[in-house]
Amino acid sequence: MASGKYTRIDARRPSTNYCSTVTIVVFVALCLVGLWMMTSSSVIPGQNIDVPVQENKNEVKERVPESNESNSKQFVNNQGDLPYDMTKGDNNSNQSQEESDSATQENQEANSKQKSEVKQEEKNEENEPEVTKNIDSSNTVTQNEEKNTEDGDSKTPSGAASLEGKGNTADNRDSSVAGQGDSEEDKSDLDETTKEKKSDTVDTGTKLDMSSDGIKDEKIGNDESNEKKDIEDSELTKNLGGQANNPSSGEIFPSGAESEILNETTTQSGSWTTQAAESKNEKESQQSSNEQNAYNWKVCNVTAGPDYIPCLDNLQAIRNLRTTKHYEHRERHCPEEPPTCLVPLPEGYKHPIEWPRSREKIWYSNVPHTKLAEYKGHQNWVKVSGDYLTFPGGGTQFKHGALHYIDFINESVPDIAWGKRSRVILDVGCGVASFGGYLFDRDVLAMSFAPKDEHEAQVQFALERGIPAISAVMGTQRLPFPGRVFDIVHCARCRVPWHIEGGKLLLELNRVLRPGGFFVWSATPVYQKKAEDVEIWKAMTRLTKDMCWEVVSITKDRVNGVGIATYRKPTSNDCYEKRSQQEPPICETSDDPNAAWNVPLQACMHKVPVNSVERGSQWPEQWPVRLEKAPYWMLSSKVGVYGKPEPEDFTADYQHWKRVVSQSYLNGLGINWSSVRNVMDMRSIYGGFAAAMKDVNLWVMNVVPIDSQDTLPIIYERGLFGIYHDWCESFNTYPRSYDLLHADHLFSKVKKRCNLVPVVVEVDRILRPDGKLIVRDNVETVNEVEKILRSMQWQVHMTYSKDKEGLLYVEKSMWRPKESETVTYAIA
């Protein structure tokens, strides 16, 4: 029994079976030699016997990028290194597999015949099962020896060789279990072959740790494992972005249809950043930190506190005035050196309520003033209601609502035609600007103004509500507007002494009023019979007659109980020439009615233009046609701002801004335009930016700098409005007035005349927290402005440059410095 159990080790067999055993071995050997000779024509040294030569060559060309010559050559010269997974599934491989299966079937038939003979001859043997098993093992050893010989020549991976015939259904590792069917010598041969293979090829079946599933199988032998590996390889390729990997690294190339990925010439960044970007960001962060320390910002310590307006709160200059009879103390008195400190925020400041709800109520914490509510609460100006200040929509002259008042004016004078003939008006002494706020419902723009602190924070209330307004006064200086631009001038109980000093103040309204335009005056002298009111009415009657203003209507609104007088400016000079006395006098021909910046008032009238190509000789087109059509007085014989004939220049500018606004601003910057209401174009030319914004629910204050070409009359002719300003000084508005500022090539021009830092500080003062700034300028200036804003903790959303031109989009933060700086001239 013992000898029978260990016959393979002892190599001894019973003598009666010796011849039969030799016969069987010789027969098997001849069959194997014959099989080898039949298949030897398709085997070439250096090739995998499972894959035809041509097939492998084609396959390598598909899998290896043409640009990677070294990798391509390596794989062409070592095609046998491609694992079975890479060749599995295409037609040629299937054909080769069929040949291999056919050969394997012959071997199986021979083995079956051999086993049958052995069983017949040894059926009486005591250990028949063990003998049969040993014969099978002997055959297996012989086959393995021949395979190892071939593997040694072709350097085929042992895992791939074990996939022949029935080897596909048995794990190669099972055949190498100690003592189970292999001799120590065979085992040693296999180990040497494996070592040789590892030194010359890449074992693609080991440690695929980079895959999504963390594969760590050392060898993959059966069909299920191969199929799984194919799927995992495919997923790995996707995870790597379709990039071809270096074959020497052991990473997987895609095969079959996935090989197209290797033809891509561009890659995506994926979830990793680049070293260049990381370093750039860090340097910018360090630079920003250094810049913050370099600027050393402080909060302004001034009497006006969060409501500080530098040119209107120069208390030192106001104290030195000789007189305040003509409201000189409400006019501009700018400091010699503009402030460089930042205005503080009121305690509890919140993001403003959005339009149109803001017309009815605002946060009390944003404008924490109650005096106006105490003085005018009974007149429906403003009321305090919990956390809000509410605006019932009334005023001193329209207690039952502004809309009723507006409609009553149009009923009294149908030629006014709100939103068609009358588009841009000037509201003098506006209060909280409810009149202008409700004119939006009639498609009308109102430039509202009132002096600062005449009624506490009235203009600030208007701006917080989302209504256009500026702080200004009828004093000793001309208003900052061109001549002959407003369709209507309105005054509702504005308490302006129009009749005194030769009617100087009313003559200023005559300057800015368009020929044929209306002056709507609703004040107590129109309808009350008090002695003072009667005296004023008589004086106004004489003055308006001498000015050749036509009385169009004098009516009384029974609902509101107020009277309204409407006057019309003449459209010719006939009346002026027929006057018996030249009072008020006609201005000198050298007097430019468009000159408005720091020009003293004069008690004279400018003649009405009569030349058909002169501005003011005709009424503009009705709204909205006037917005897009070049004014009749822009001539092709004259050159525009950009060098083209004026009408072409106008049209080109409009088309340009329509493209910029529609393709970039409205969709490309990520701005929530529903939160934007008050907008300022800090350097407007033809008003193209504002015109392109027509369909957005906002208004634009067009600013024409005093050192730019005077194009402000064109802006008004289009049915838009604006103002002159010197950006080396403070603007006449409260802090936190605007939601968005737009600066097109402004800063590069301003810094030639004054320091850029105070200008940017003024931008910070005007803009609300979370407000936006869009800068278009040369790259040098854009970078300089960006550095200053970064030091103020502003958030930079976008920077872009091309051909030395740059774009900057930033957002103001709530940050304020902790240190303060006392501004001595602004302390009471």
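Above this text sits the structure in question.
If you're wondering where the values come from, they're calculated on a predicted model, not measured in any experiment. Every chain's residues receive numbers from 1 upward, in the order its sequence appears when written. For this predicted model, a pLDDT threshold of at least 70 governs which residues receive local features, and a threshold of 80 or more governs which side-chain atom pairs are given and counted, while totals over whole chains, interfaces and linings are taken from all residues. Water and hydrogen atoms were dropped before computing side-chain values, which therefore reflect all heavy atoms in the structure.

What about the overall build of the chain?
Piece 1. Strands here mean DSSP runs of E at least two residues long; helices mean DSSP runs of H or I at least four residues long; both are numbered from the N terminus. In terms of regular secondary structure, the chain is built from 28 helices and 19 strands.
Piece 2. Per-residue burial for the chain yields a buried fraction of 50% across its 828 residues.
Piece 3. By sequence separation, contacts in the chain at least 24 residues apart represent 69% of the contacts at least 6 residues apart.
Piece 4. Residue exposure ignores everything except the shown protein chains as possible cover, and the areas themselves are Shrake-Rupley values with a 1.4 Å probe. In the form shown here, the chain has an accessible surface area of approximately 40,000 Å², with 48% of it arising from carbon and sulfur atoms. Relative accessibility decides the category of a residue: with a 1.4 Å probe and only protein chains considered, values under 20% of the type maximum give buried, values over 50% give exposed, and everything between is partly exposed. Whether two residues touch is decided by their heavy atoms; if any such pair falls within 4.5 Å, the residues are in contact.

Structural notes on the packing of aromatic side chains
Piece 1. Aromatic pairing here means that ring centres of Phe, Tyr or Trp (its six-membered ring) are within 6.5 Å. Orientation follows from the plane angle: under 30 degrees is stacked, over 60 is edge-to-face, and everything else is tilted. Taken as a whole, this structure holds 20 aromatic pairs when the rule is applied.
Piece 2. Judged by centre distance (6.1 Å) and plane angle (80 degrees), the ring pair of Trp 498 and Phe 519 falls under edge-to-face. In this pair, Trp 498 sits in the loop between β8 (486-492) and α18 (504-512) while Phe 519 sits in strand β9 (residues 513-522), placing the two residues 21 residues apart along the sequence. Phe 519 shares its class with Trp 498; the two are buried.
Piece 3. Three or more aromatic residues joined by ring pairs make a cluster, and in this case those are Trp 498, Phe 519, Trp 549 and Tyr 567.
Piece 4. The criterion for a charge sitting over a ring is simple: Lys NZ or Arg CZ within 6 Å of the ring centre, and within 35 degrees of the ring normal. When the ring centre of Trp 623 is taken as reference, the NZ or CZ atom of Arg 423 above it lies at 3.6 Å.

Some thoughts on the nonpolar core
Piece 1. Counting residues in hydrophobic clusters, the biggest one holds 122 residues, and the most contacted among them are Leu 426, Phe 481, Phe 486, Trp 498, Phe 519, Trp 521 and Phe 747.
Piece 2. With seven residues, helix α27 (residues 756-766) is the single largest residue contributor to this core.
Piece 3. In contact with Trp 498, not counting residues within four places along its chain, are Val 428, Met 474, Cys 491, Gly 503, Leu 505, Leu 506, Leu 509, Phe 519, Trp 521, Met 540 and Leu 543.
Piece 4. What makes a nonpolar core is a set of buried Ala, Val, Leu, Ile, Met, Phe, Trp, Tyr and Cys residues whose side-chain atoms join them at distances within 4.5 Å. In this structure, Ile 425, Phe 435, Ala 446 and Ala 492 belong to the second largest nonpolar core, which totals 20 residues.

Some points on the environment of Val 810
Piece 1. Along the chain, Val 810 falls in strand β18 (residues 805-811).
Piece 2. Between the C-alpha atom of Val 810 and that of Gln 795, which follows or precedes it by 15 residues, the distance is 5.6 Å.
Piece 3. The residues touching Val 810, leaving out its near neighbours within four places in the chain, are Gly 771, Lys 772, Leu 773, Leu 789, Trp 794, Gln 795, Val 796 and His 797.

So, helix α28 (residues 779-791)
Within an α-helix, residues lying three or four positions from one another point in the same direction, as the helix has 3.6 residues per turn.
Piece 1. By this rule the span expected of a helix is its residue count minus one, scaled by 1.5 Å. Helix length check: α28 (13 residues) gives 18 Å between terminal C-alpha atoms against 18 Å at 1.5 Å per residue, within 8%.
Piece 2. All buried positions along α28 are accounted for by Thr 781, Val 782, Val 785, Glu 786, Ile 788, Leu 789 and Ser 791.
Piece 3. Where α28 ends, the next residue or the one after it, Gln 793, has phi of about 70 degrees, a positive value.

Comments concerning α18
Piece 1. Counting buried residues along α18, eight of its nine residues qualify, which places the element largely inside the surrounding structure.
Piece 2. Contacts made by the buried residues of α18 are with β5 (424-428), β8, β9 and α20 (531-546).

Describing the pairing of strand β6 (residues 445-450)
Piece 1. Along β6, six of the six residues are buried, which leaves the element largely enclosed by surrounding structure.
Piece 2. Side chains Leu 445, Met 447 and Phe 449 of β6 all project onto a buried face; the interleaved residues Ala 446, Ser 448 and Ala 450 project onto the opposite face, where all are buried too.
Piece 3. At least two DSSP bridges between two strands are required for those strands to pair. Bridge analysis of β5 against β6 gives five bridges, and the strand direction is parallel. Paired with Leu 426 across the two strands is Met 447, which belongs to β6.
Piece 4. With respect to chirality, the unit in which β5 leads through helix α16 (residues 434-439) into the neighbouring parallel β6 is right-handed.
Piece 5. Where β6 and strand β7 (residues 469-471) come together, three bridges link them in parallel fashion. Throughout, right-handed denotes a crossover for which the path from the first strand over the helix to the second runs clockwise when the strands point away from the viewer.

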